[in-house]
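So you can see what is in the structure, the chains are spelled out below.
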Amino acid sequence: MEIIQIVAIGIICVIILSLFRENFEDVAIIISLSASILIFFIIVPKISNIIAVLNTIANKSGINSIYVKTILKIIGVAYIAELGVQISNDAGEKNIATKVELAGKIIIIFLSLPIIIALVDTIVSILP
C-alpha cells in the first residue's frame, strides 16, 4: 500500500510547508524537493514492473520492440518533464517551468517521429 505512504508524505510535507513557507522560503523549497524525490523513489519499482509487463505483452503479440521502447521513452519524458514543471512551479519559477514543458513536448515529438513515419508508410502501402 504505497499510496498510504505517498499520501502521508504529501500531507506531512504540506503541513511543514505551511509553517515554513512564509519565514523560511529556502527551507520550504528544499523540503518540497526532498518530498518529491522521496515519492519518486517509492514509485520507481512500480515503473519497472509496468515496463516488464508491457515488454511481455509486446513480445507475445509480435509488436516490434522498437515501438514499445519508443512509447515507454515518450511516457518517461512526459512524466519527468511534468515533475520538473511542478518543482519549478513550487519554487515560484514559472518561466523555467514553461521552458521545461516546451522542451518535454519537443523531445516527445522528436521521439515519436519514427512511429509517425512507420504509420504513414503503412497507410501509403495500403492505398492503391
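Residues numbered from 1 in each chain as written. Predicted model: local features only at pLDDT ≥ 70, side-chain atom pairs only at ≥ 80, totals over all residues. Heavy atoms only, no water.

Caption draft 1: Region of interest: the overall build of the protein. Counting its secondary structure elements, the protein contains 4 helices and 0 strands. When the elements of the protein are put in sequence order from the N terminus, they spell out α-α-α-α. Relative to a compact globule of 128 residues, whose C-alpha radius of gyration would be 14 Å, the protein shows 20 Å and is clearly more extended. In terms of overall dimensions, the protein has C-alpha extents of about 70 × 35 × 15 Å along its principal axes. Once local pairs closer than 6 in sequence are excluded, the contacts in the protein between residues at least 24 apart make up 54%. Taken as a whole, the protein presents about 9500 Å² of accessible surface, with 74% of it coming from carbon and sulfur. The average position of the 8 basic charges and that of the 9 acidic charges among the side chains of the protein differ by 12 Å. (Helix = DSSP H or I, 4+ residues; strand = E, 2+ residues; numbered from the N terminus. Rg over C-alpha atoms; globule rule 2.2 N^0.38 Å. Contact = heavy atoms within 4.5 Å. Areas by Shrake-Rupley, 256 points an atom, 1.4 Å probe, with all protein chains shown as cover. Lys, Arg positive; Asp, Glu negative; His and termini not counted. Charge placed at Lys NZ, Arg CZ, Asp CG, Glu CD.)

Caption draft 2: Region of the structure containing the packing of aromatic side chains. Per the counting criterion, the structure on display carries 1 aromatic pair. Consider the rings of Phe 40 and Phe 41, whose centres lie 5.9 Å apart with planes at 65 degrees: the pair is edge-to-face. (Phe/Tyr/Trp six-rings, centres within 6.5 Å; stacked < 30°, edge-to-face > 60°.)

Caption draft 3: Quick look at the nonpolar core. Of all hydrophobic cores here, the largest spans 7 residues; its members are Ile 6, Ile 9, Cys 13, Leu 17, Ala 28, Ala 35 and Ile 42. Contributions of two or more residues to this core are made by α1 (2-20) and α2 (25-61). With 4 residues, the single largest contributor to this core is α1. When sequence neighbours within four positions are dropped, the list of residues in contact with Ile 42 reads Glu 2, Gln 5, Ile 6 and Ile 9. (Core = buried A, V, L, I, M, F, W, Y, C linked by side-chain atoms within 4.5 Å. Buried < 20%, exposed > 50% of the residue type's maximum accessible area, 1.4 Å probe, protein only.)

Caption draft 4: Broad picture of the side chain of Ser 32. Along the polypeptide, Ser 32 turns up in helix α2. The exposure class assigned to Ser 32 is buried, which follows from its relative accessible area of 10%. Residues in contact with Ser 32, not counting those within four places in the same chain, are Cys 13, Leu 17 and Asp 90.

Caption draft 5: Quick look at the packing of α2 against helix α3 (residues 65-90). Two elements in contact, α2 and α3, have axes whose closest approach is 12 Å; the angle formed by their N-to-C orientations is 170 degrees. Between α2 and α3, the angle is such that the two are roughly antiparallel. Every residue of α3 that contacts α2 at Ser 32, Leu 33, Ser 36, Phe 40, Ile 51, Leu 54, Asn 55 and Ala 58 is listed here: Val 68, Leu 72, Leu 83, Ile 87 and Asp 90. Taken together, the residues of the contact of α2 with α3 break down into 9 nonpolar, 3 polar and 1 charged. (Axes fitted to C-alpha atoms, helices over the stretch in contact; angles between N-to-C directions. Parallel < 35°, antiparallel > 145°, perpendicular 65-115°, else oblique. Nonpolar A, V, L, I, M, F, W, Y, C, P; charged D, E, K, R; others polar.)

Caption draft 6: Just the packing of α3 against helix α4 (residues 94-126), in detail. Two elements in contact, α3 and α4, have axes separated by 8 Å at closest approach and are oriented at 175 degrees. Our classification of the angle between α3 and α4 gives roughly antiparallel. Two secondary-structure elements touch here, α3 through Tyr 67, Thr 70, Ile 71, Lys 73, Ile 74, Val 77, Ala 78, Ala 81, Gly 84, Val 85, Ser 88 and Asn 89 and α4 through Lys 94, Ile 96, Ala 97, Val 100, Glu 101, Gly 104, Ile 107, Ile 108, Leu 111, Ser 112, Ile 115 and Ala 118. For the contact of α3 with α4, the class distribution of residues is 15 nonpolar, 6 polar and 3 charged.

Caption draft 7: Local environment of the confidence of the model for the protein. Mean pLDDT over the protein: 88, with 100% of residues reaching 70 or higher. For the protein, α2 is the element with the lowest average pLDDT, namely 85, and α4 is the one with the highest, namely 93. (pLDDT = per-residue confidence, 0-100.)

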